[in-house]
Amino acid sequence: QLTPPTTIKLASTIFIVLALLQFTVPALWVVHRSVIWNAVAALNPSLPPESSRRILDSTIFGSLGLHTLIAILYVWLAILTRRAYKHARMAATLLSVVDTLGGWLSFHMSSNLLPSQLPYVIGAEAIGLGLRIGALCALWGPASSSTYLRIARTR
């Protein structure tokens, strides 16, 4: 059985940390629900309260669902990289790009709905971006990673 090099173990660990980091934004939505309610109502003054509540619930549950899916994908990537799945680097690159774009969209939404928490959102996005770049560097840079991910897996 193959033993992953340190760079692969590092990338795998980063993916687990990124999975956990996915829950910071939904946690902010839940904790600051009343602030978001007020922001939705202020942005849409003609909407009845029931419609504002539905928008709020959709935002929170949609965010939680999407971030949970991305967290599951990061855990899956951690497993794939440690098992020398040859397409793990491509999958990691794709998920990193999607997660970065999603982070910028989340940043935009957060700035409108929860401006008081913007420094935390910026911090989480910056940390996440740094971790994604670090994982991609660990997967694509060192020869040990390339060699490990090119070796045919034995079952």
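Scroll up for the structure.
Caption draft 1: Structural detail: the packing of aromatic side chains. Enumeration over the complete set of coordinates arrives at one aromatic pair. When the ring centre of Trp140 is taken as origin, the NZ or CZ atom of Arg89, which lies over that ring, is 4.2 Å away.

Caption draft 2: Quick look at the packing of helix 2 (residues 24-31) against helix 4 (residues 49-82). Interhelical geometry of helix 2 versus helix 4 gives an angle of 160 degrees and a closest axis separation of 9 Å. The pairing of helix 2 with helix 4 is recorded here as roughly antiparallel in orientation. Judged by the twist between their axes, the crossing of helix 2 over helix 4 is left-handed. Between helix 2 and helix 4, the residues in contact are Val25, Pro26, Trp29 and Val30 and Ile60, Ser63, Leu64 and His67, respectively. For the contact of helix 2 with helix 4, a count of residues per class yields six nonpolar, two polar and no charged.

Caption draft 3: Looking closely at unusual backbone geometry. With a phi close to 65 degrees, Ala84 is a non-glycine residue in the positive phi region. By secondary structure assignment, the location of Ala84 is in the loop between helix 4 and helix 5 (88-113). Its relative accessible area of 1% is what places Ala84 among the buried residues.

Rules of the game
- Residues numbered from 1 in each chain as written.
- Predicted model: local features only at pLDDT ≥ 70, side-chain atom pairs only at ≥ 80, totals over all residues.
- Heavy atoms only, no water.
- Phe/Tyr/Trp six-rings, centres within 6.5 Å; stacked < 30°, edge-to-face > 60°.
- Lys NZ or Arg CZ within 6 Å of the ring centre and 35° of its normal.
- Axes fitted to C-alpha atoms, helices over the stretch in contact; angles between N-to-C directions.
- Helix = DSSP H or I, 4+ residues; strand = E, 2+ residues; numbered from the N terminus.
- Parallel < 35°, antiparallel > 145°, perpendicular 65-115°, else oblique.
- Left-handed = near helix turned anticlockwise from the far one by under 90°.
- Contact = heavy atoms within 4.5 Å.
- Nonpolar A, V, L, I, M, F, W, Y, C, P; charged D, E, K, R; others polar.
- Buried < 20%, exposed > 50% of the residue type's maximum accessible area, 1.4 Å probe, protein only.

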